[in-house]
Amino acid sequence: MKTWKTGEEGEKTGIEKLVENFTAGADVGYDQCLAEYDIYGSIAHVHALEKLDLVTSPEAKKLRNGLRKLLEKDISLDAGDEDIHSKVENEITDALGELGKKLHTARSRNDQVLVDIRLFTKAELFRIVRELLSLVESLLYFGSSQSDTPMVGFTHYRKAMPSSVGLWAGSYAEALLDDLTLLEANLELIDQSPLGAGAGYGIPVNLDRELTAETLGFSRVQNNAIYVMNSRGKFEFNLLSAVASVQLDLSRLASDLISFSDKEFNFFEIPEKFTTGSSIMPQKKNPDVLELVRGRSASFPGHLSSLFSLLHGLRSGYSRDLQETKKSLIVGLGDTGDSLAVLAPLVSGLGVNEEELMDAFSGEVFATDRVFELVKDGLPFREAYRRVKNNLDSQVEEVSEDQIRGSISSRNHPGGPGNLGLGEKKNLLERSKEKWAERESRFVDCLRELRKPEGSSEKYEDQKPKAGNNE
Ligand code: ARG
């Protein structure tokens, strides 16, 4: 039932149903993901109402405990509920009668939906970072176990120079650590409390916005009530841009693995559990998992352009267009968490075919090395280059293992295949894991605190040992 309808609901006309489905039909599906966070937002809001004496303390306790009971209930939405905010308000009114009708005091669904989305986004961001760091860990450990394993390096999809499996794996670890910096900047933007902005122009009471921000675990209040509304869609856009950077790395990693595990190369073996069979060709072990990682990354230009187009030129203040931002956010973040989660164990289980990797080293791969030998003998680089180029046909095709390994270890400047610097990246990984685990556990603890039924501390008091009892 809609909260803004004051009269008795009569028989629904066809038009009402049509409009209801048009405005809420798909959106309630996305709101389902926000349900838990909507209730947390309401619990925090009741604290602020209590502080303003807009509800008495016993009423506040009853409201908060009633909301906590809703957390245990399987709330399922349909278009008739309009959205999660109305649904929660209706549920609490069904449970507590008149008292439930006080819940929406000093609040609008416009700031409420932003609380839900920001909390949901924080939770998803923590998941993405956790999965990202475990993929970085897989890559760094795989990379160090294969630090000296030779692998041809390619440019333009063609053989180029000697390289190593360690350099290849380390490149993805470093790429993802760069993405982490972008994600961290986005956490700063997301971690602000919109609650109290109302419909976008404040509310006629001095609500303690610091209190609700703190109760919900936000690091600060987002100040300007209009900007609270105008930032909707913008922080989603910024975050999805950072996440798109992760997706670029994942799609490229997937593409490498698809090619390099193909019989044409046969450098790597994808663990069998991550391959799928064919319904007609019994011999097939297909890299569907990697293809889906790559395929899902293709939605990101769509997510970004949809968010940008929704926002650009939109007049300030809330407009219902903003509802359409949810889809890209929820799908984009979910897909990214899932892709990261599947890649970490896949990389850890990668098999390496050292023989095939070695066999790929044909003579041409050493052309640049030969130029450098001449340079070391005193020839100017361009002259040395010319001589090697003019004698390409006479180059020796037989390549020895010593030559391969010697060439790799000669590239010993920082970041070369002979000096990977994986140790330093492992240290950065450990520091990042610690920092993000601490942030996430502060968030989780905060939500746990909100879930605790009130009255349990009294029980605790009751159980405290009596004075004089030393046991
Ligand atoms: N479903 C709406 C949204 O996502 C909730 C806010 C509705 N506010 C309004 N003024 N109609 O934006």
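For the structure, see preceding data.
To keep things clear, this report deals only with the structure shown in the data block.

Rules and cut-offs
One numbering rule holds for all chains: residues counted from 1, following each sequence as written. Local features in a predicted model are, by the rule used here, given only for residues with pLDDT of at least 70; side-chain atom pairs are given and counted only at 80 or more, and totals for whole chains, interfaces and linings are based on all residues. Side-chain calculation: all heavy atoms of the structure are included, whereas hydrogens and water are not. A run of DSSP states H or I qualifies as a helix once it reaches four residues; a run of E qualifies as a strand once it reaches two. Both are numbered from the N-terminal end. Accessibility here uses a 1.4 Å probe with only protein chains present; expressed as a share of the type maximum, an area under 20% marks a residue as buried, one over 50% as exposed, and anything in between as partly exposed. Working convention for charge: Lys and Arg count positive, Asp and Glu count negative, and His plus the chain ends are omitted. What counts as a salt bridge is simple: a side-chain nitrogen of Lys or Arg found within 4 Å of a carboxyl oxygen of Asp or Glu. Any two residues whose heavy atoms approach within 4.5 Å are treated as being in contact. Consider each residue's heavy atoms; a residue with any of them within 4 Å of a molecule or strand counts as near. Any N or O atom pair separated by 3.5 Å or less is treated as a polar contact, with the protein-specific requirement of one donor-capable and one acceptor-capable atom, and with residues adjacent in sequence counted only for side-chain atom pairs. Using a 1.4 Å probe, the Shrake-Rupley method yields the accessible areas, and only the shown protein chains count as cover for residues. Nonpolar cores were defined as sets of buried Ala, Val, Leu, Ile, Met, Phe, Trp, Tyr and Cys residues, with membership established by side-chain atoms within 4.5 Å. For Phe, Tyr and Trp, rings pair up if their centres lie within 6.5 Å, where Trp contributes its six-membered ring, and each pair is then called stacked (planes under 30 degrees apart), edge-to-face (over 60) or tilted (otherwise). For a lysine, the NZ atom is tested; for an arginine, the CZ atom; a charge sits over a ring if that atom is within 6 Å of the ring centre and within 35 degrees of the ring normal.

1. Observations regarding the side chain of E124
Next up, step 1: With respect to the helices and strands, E124 occurs in helix α6 (residues 109–145).
Next up, step 2: The side chain of E124 sits in the buried core without any salt bridge; R127 is the nearest counter-charge, 4.8 Å away.
Next up, step 3: When residues no more than four places from it in sequence are discounted, the contact partners of E124 are L333 and G334.

2. Side note on the site of the ligand
Next up, step 1: Residues in close proximity to the ligand include D27, H85, R109, N110, V113, R232, Y318, Q323 and K326, which together make up its full environment.
Next up, step 2: One nitrogen or oxygen atom from the side chain of R232 is found 2.8 Å from an oxygen atom belonging to the ligand.
Next up, step 3: Q323 is positioned such that a nitrogen or oxygen atom in its side chain is 2.8 Å from a nitrogen atom of the ligand.
Next up, step 4: About the coverage of the ligand: the protein hides 86% of its 340 Å² of free accessible area.
Next up, step 5: Among the elements that make up the shell around the ligand, the one with the highest residue count is α6 (three residues).

3. Brief notes about the nonpolar core
Next up, step 1: L67, L132, L135, W168, L183, L216 and F268 are the most contacted members of the largest nonpolar core, which totals 115 residues.
Next up, step 2: Ranked by residues supplied to this core, first place goes to α6 with 18 residues.
Next up, step 3: Non-local contacts of L67, meaning those with residues more than four positions away in its chain, are made with I39, S42, I43, V46, V88, I92 and L103.

4. Regarding the pattern of salt bridges
Next up, step 1: Throughout the structure, instances matching the rule amount to 32 salt bridges.
Next up, step 2: Here D27 makes a salt bridge to K326, at a shortest N to O gap of 3.0 Å. Separated by 299 residues along the polypeptide, D27 in helix α2 (residues 27–32) and K326 in helix α13 (residues 325–348) bring together distant segments of the chain. A single burial state applies to D27 and to K326, both of which are buried.
Next up, step 3: Three or more residues are tied together by salt bridges with common partners; here these are E50, R64, R68 and E454.

5. Here's the deal with the packing of aromatic side chains
Next up, step 1: Taken as a whole, this structure holds 17 aromatic pairs when the rule is applied.
Next up, step 2: Here the aromatic rings of F126 and W436 are separated by 6.1 Å at their centres, their planes lie at 70°, and the arrangement is edge-to-face. Remark: W436 occurs in helix α18 (residues 422–451) and F126 occurs in helix α6; sequence separation between them is 310 residues. For the pair formed by F126 and W436, the shared burial category is buried.
Next up, step 3: Measuring from centroid to centroid gives 5.6 Å for F154 and F265, while their planes differ by 75°, and the two rings are edge-to-face. A residue pair is termed long-range when its members are at least 10 positions apart, and F154 in strand β1 (residues 150–155) and F265 in the loop between α10 (234–260) and β5 (268–269) qualify at 111 residues.
Next up, step 4: R118 extends its terminal NZ or CZ atom over the ring of F235, reaching a point 4.1 Å from the ring centre.
Next up, step 5: R382 extends its terminal NZ or CZ atom over the ring of Y385, reaching a point 4.8 Å from the ring centre.

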